[in-house]
Amino acid sequence: MMVKNPCYLDVKTNQWRAINEVYLSSNGGLPTYDGSYNFGTEGDTIWMITSGVGGDWFNNGMGKKGDWYTFK
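Predicted model, so just to flag it, every value in this text is computed and none were measured.

(A) Here's a closer look at the packing of aromatic side chains. Inspection of the entire model under this criterion finds two aromatic pairs. Pairing Tyr-23 with Trp-68 gives two aromatic rings, centres 5.5 Å apart and planes at 65 degrees, and the pair type is edge-to-face. Taken together, the positions of Tyr-23 in strand E4 (residues 21-24) and Trp-68 in strand E7 (residues 67-70) put the pair 45 residues apart, joining distant regions of the chain. Relative to Tyr-69, the ring of Phe-39 has its centre 6.1 Å away and its plane inclined at 85 degrees; by these criteria the two rings are edge-to-face. Placement of the pair is Phe-39 in strand E5 (residues 35-42) and Tyr-69 in strand E7, with a sequence separation of 30 residues. Given a relative accessible area of 4%, Phe-39 falls into the buried group.

Definitions and limits used
Residues numbered from 1 in each chain as written. Predicted model: local features only at pLDDT ≥ 70, side-chain atom pairs only at ≥ 80, totals over all residues. Heavy atoms only, no water. Phe/Tyr/Trp six-rings, centres within 6.5 Å; stacked < 30°, edge-to-face > 60°. Helix = DSSP H or I, 4+ residues; strand = E, 2+ residues; numbered from the N terminus. Buried < 20%, exposed > 50% of the residue type's maximum accessible area, 1.4 Å probe, protein only.

Printed below as a string of structure tokens:
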């Protein structure tokens, strides 16, 4: 999945607002999902990928921990 230039509608002002920071994780911030996955931000894009197959791309059995990511 890739999302470019994400925005949200502020219901109080009825204005679209840019999102500049996002928290990405596999499962509520804990590395408990055992499928292969990765996520991050690059430029103005948020990206996530998973194969649904066991193991992970970090080869430590833990997966990637959730964290805050910023983008343009």
